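So the chains spell out like this:
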Amino acid sequence: MPNMKVSKGMKKKLLFMLVNMNVGGTEKALLNMISNIPEEKYDVTILMLEKYGEFLSCIPSWVNVEYIQEYENLKGLLNEAPQITLFKLLKERKIVKAIEIMFFLLISKIMQERSYLFNYVLRNYQIENKVYDIAVAYAGPMDFISFFVATKIKAKKRIQWIHFDVTKIGFNKKFASKIYKNFDKIFVVSREGRSKLTSILPNLKNKTENFSNILSSSLVNEMAEEGDGFQDNFTGIRILTVGRLSKEKGQDLSIPVLERLKKDGFNVKWYCIGEGNARKVYENIIKEFALENDFILLGSKPNPYPFIKQCDIYVQNSRHEGYCITLSEAKCLHKPIITTNFAEAKEQISHRKTGLIINKEEELYYAIKLLLNNMNLRQKLSENLKEENVDTTKEIVKFLELVEENS
């Protein structure tokens with residue numbers, strides 16, 4: 001990790017809170033960050049709403065892992081449609097509770113933010129006596145986690161992390177304006193993301209800072225040598241996309257594009273690494289286009305790097321992103337890249353120098369066709385990436401300096 005002075009004495013206590021450890025960009029970014037925090041200096045705790053996910057096994061053994069046991073009983077109320085919750089309670093003859101919840105749901109709706117509901121569901125939660133030096137609402141923006149860290153965790157300093165484009169995800173301005181006052185620093189994973197946040201909430205500008213997701217280029221290359229990667233003995237061109245199977249990641253845009261490429265006679269297959277709630281929808285679309293043998297959903301892979309290294313073209317067709325960590329991983333492995341022009345794409349890719357940026361969905365077909373027909377361009381993009389420094393491990397200094405400040 002980068003050199004910096006840290007104070008001697010007892011270990012500083014750090015807490016990071018997120019939903020779970022499913023395979024995803026946010027979770028991977030946290031693991032990368034923790035791997036750059038010196039074990040001998042800091043006591044790190046990961047607090048989850050739900051203790052599950054394939055990345056659980058990747059958490060270093062020296063890190064404390066805890067979860068909110070009460071969340072299992074709260075999940076339905078927080079995530080289901082109110083009428084479903086009320087129907088269940090009335091069916092169970094819990095009339096008083098149904099009336100209470102209806103009241104707080106109504107207040108939350110009238111006030112257009114959920115603090116009132118959160119206060120109600122957490123009213124009996126016992127705050128532990130442990131005091132952390134830093135408590136981080138890492139899965140951000142997620143209202144419940146932000147509220148929990150702000151009100152239920154004792155900490156000398158609090159940090160809110162923003163991983164997404166707040167103009168694309170139903171960001172609650174009123175809630176954030178109220179709760180983010182409790183945070184000493186707000187880290188946003190891209191410059192464009194920070195600009196959008198502060199344009200919505202200009203009063204946060206002085207406490208908001210850009211913090212690129214930490215990525216170790218040497219570690220990515222090392223892990224790319226582990227595992228076997230593709231096992232289908234295909235000898236044509238492999239296109240790869242990595243990301244959660246969901247609408248915002250845009251895998252559905254790829255399926256009709258692949259059909260056109262196959263009709264053009266290209267010997268190509270498209271592989272997707274990731275899992276998500278859109279799998280069934282995508283399987284039906286794949287079947288509709290008769291691409292069962294050509295558009296391959298590989299499922300979740302904790303180590304996708306052998307696949308990225310072995311692919312010929314990497315495509316990120318997200319409808320929106322924060323800082324796209326998989327794009328940076330493909331850069332580390334010098335892959336020819338095509339990406340949609342989500343808000344932060346130009347921070348990561350220089351068009352026609354280190355990749356191709358497409359502005360409209362229909363451009364995806366032409367961009368892939370260009371690379372398939374132009375091996376020299378593919379080689380040029382790869383060679384240019386070899387000259388670019390993708391490693392962002394020095395970012396950890398920003399975080400550790402904040403921990404050590406005024407110690």
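If you're wondering where the values come from, they're calculated on a predicted model, not measured in any experiment. (Residues numbered from 1 in each chain as written. Predicted model: local features only at pLDDT ≥ 70, side-chain atom pairs only at ≥ 80, totals over all residues. Heavy atoms only, no water.)

Peer 1: Please explain the overall build of the chain as it appears in this structure.
Peer 2: When helices and strands are counted, the chain shows 17 helices and 13 strands. Relative to the 2.2 N^0.38 estimate, which gives 22 Å for 407 residues, the radius of gyration of the chain is 23 Å and therefore close to what a compact globule would have. Seen along its three principal axes, the alpha-carbon backbone of the chain occupies a region of about 65 × 60 × 40 Å. The buried share of the chain, taken over its 407 residues, is 53%. Accessible area for the chain stands at about 19,400 Å²; split by element, carbon and sulfur atoms hold 48% of it. (Helix = DSSP H or I, 4+ residues; strand = E, 2+ residues; numbered from the N terminus. Rg over C-alpha atoms; globule rule 2.2 N^0.38 Å. Buried < 20%, exposed > 50% of the residue type's maximum accessible area, 1.4 Å probe, protein only. Areas by Shrake-Rupley, 256 points an atom, 1.4 Å probe, with all protein chains shown as cover.)

Peer 1: Just to check I follow, could you spell out the environment of Gln-231 for this structure?
Peer 2: Tracing the chain through its elements places Gln-231 in the loop between α9 (217-223) and β8 (237-242). With 76 residues separating them in the primary sequence, Gln-231 and Phe-307 have C-alpha atoms 9.9 Å apart. At 3.4 Å, the side chain of Gln-231 forms a polar contact with the backbone oxygen of Gly-229. (Polar contact = N/O pair within 3.5 Å; in protein donor to acceptor, adjacent residues only side chain to side chain.)

Peer 1: Please explain the packing of aromatic side chains as it appears in this structure.
Peer 2: Given two aromatic rings, their pairing is described by the distance between the two centres and the angle made by the two planes. Counting across every chain of the model gives 19 aromatic pairs. When the centroid spacing of 5.2 Å and the interplanar angle of 85° are considered together, the rings of Phe-230 and Phe-307 count as edge-to-face. Of this pair, Phe-230 sits in the loop between α9 and β8 while Phe-307 is found in helix α12 (residues 305-310), placing the two residues 77 residues apart along the sequence. Judged on exposure class, the residue Phe-230 and its partner Phe-307 are both buried. (Phe/Tyr/Trp six-rings, centres within 6.5 Å; stacked < 30°, edge-to-face > 60°.)

Peer 1: Can you help me understand the nonpolar core in this one?
Peer 2: Side chains of a nonpolar character, in soluble globular proteins, are inclined to be buried together. In this structure, Phe-16, Phe-144, Trp-161, Leu-240 and Phe-399 are the most contacted members of the largest nonpolar core, which totals 100 residues. By residue number, the principal contributor to this core is helix α6 (residues 143-152), which donates six residues. Ignoring sequence-local partners within four residues, the contact set of Leu-240 consists of Phe-230, Trp-270, Tyr-271, Ile-273, Phe-307, Ile-308, Cys-311, Ile-313, Tyr-314 and Val-315. Leu-261, Trp-270, Ile-285 and Leu-371 belong to the second-largest nonpolar core, a separate cluster that totals 30 residues. (Core = buried A, V, L, I, M, F, W, Y, C linked by side-chain atoms within 4.5 Å. Contact = heavy atoms within 4.5 Å.)

Peer 1: Explain the pattern of salt bridges here, please?
Peer 2: Side-chain pairing between opposite charges can occur once the charged atoms of the two side chains come close. Throughout the structure, instances matching the rule amount to 20 salt bridges. The salt bridge involving Lys-156 is made with Asp-133; its shortest N-O contact spans 3.3 Å. Residue Lys-156 is found in strand β5 (residues 155-162), and its partner Asp-133 is found in strand β4 (residues 132-137); the two are separated by 23 residues along the sequence. Among the residues examined, Lys-156 registers a relative accessible area of 60% and is labelled exposed. Glu-209 is paired through a salt bridge with Lys-185; the nearest N and O atoms lie 3.3 Å apart. Residue Glu-209 is located in strand β7 (residues 208-210), and its partner Lys-185 is located in strand β6 (residues 185-188); the two are separated by 24 residues in the primary sequence. Classification of Glu-209 as partly exposed rests on a relative accessible area of 29%. Within this structure, Glu-275, Arg-279, Lys-280 and Glu-283 form a network of salt bridges that share partners. (Salt bridge = Lys/Arg side-chain N within 4 Å of Asp/Glu carboxyl O.)

Peer 1: Where do I start with the sheet that holds strand β11 (residues 313-316) in this structure?
Peer 2: Working definition: the strands of a sheet are paired by backbone hydrogen bonds and lie parallel or antiparallel to each other. If you trace the six strands from one edge of the open sheet to the other, you get β10-β9-β8-β11-β12-β13, paired in parallel fashion. In the strand order of this sheet, the two ends are held by β10 (295-299) and β13 (356-358), each with one partner. Here the average twist between neighbouring strands, direction ignored, is 20°. The pairing of strand β9 (residues 268-273) with β10 spans four bridges and is parallel. In the sheet register, Ile-273 faces β10, and the bridge partner there is Gly-299. (Pairing = 2+ DSSP bridges. Axes fitted to C-alpha atoms, helices over the stretch in contact; angles between N-to-C directions.)

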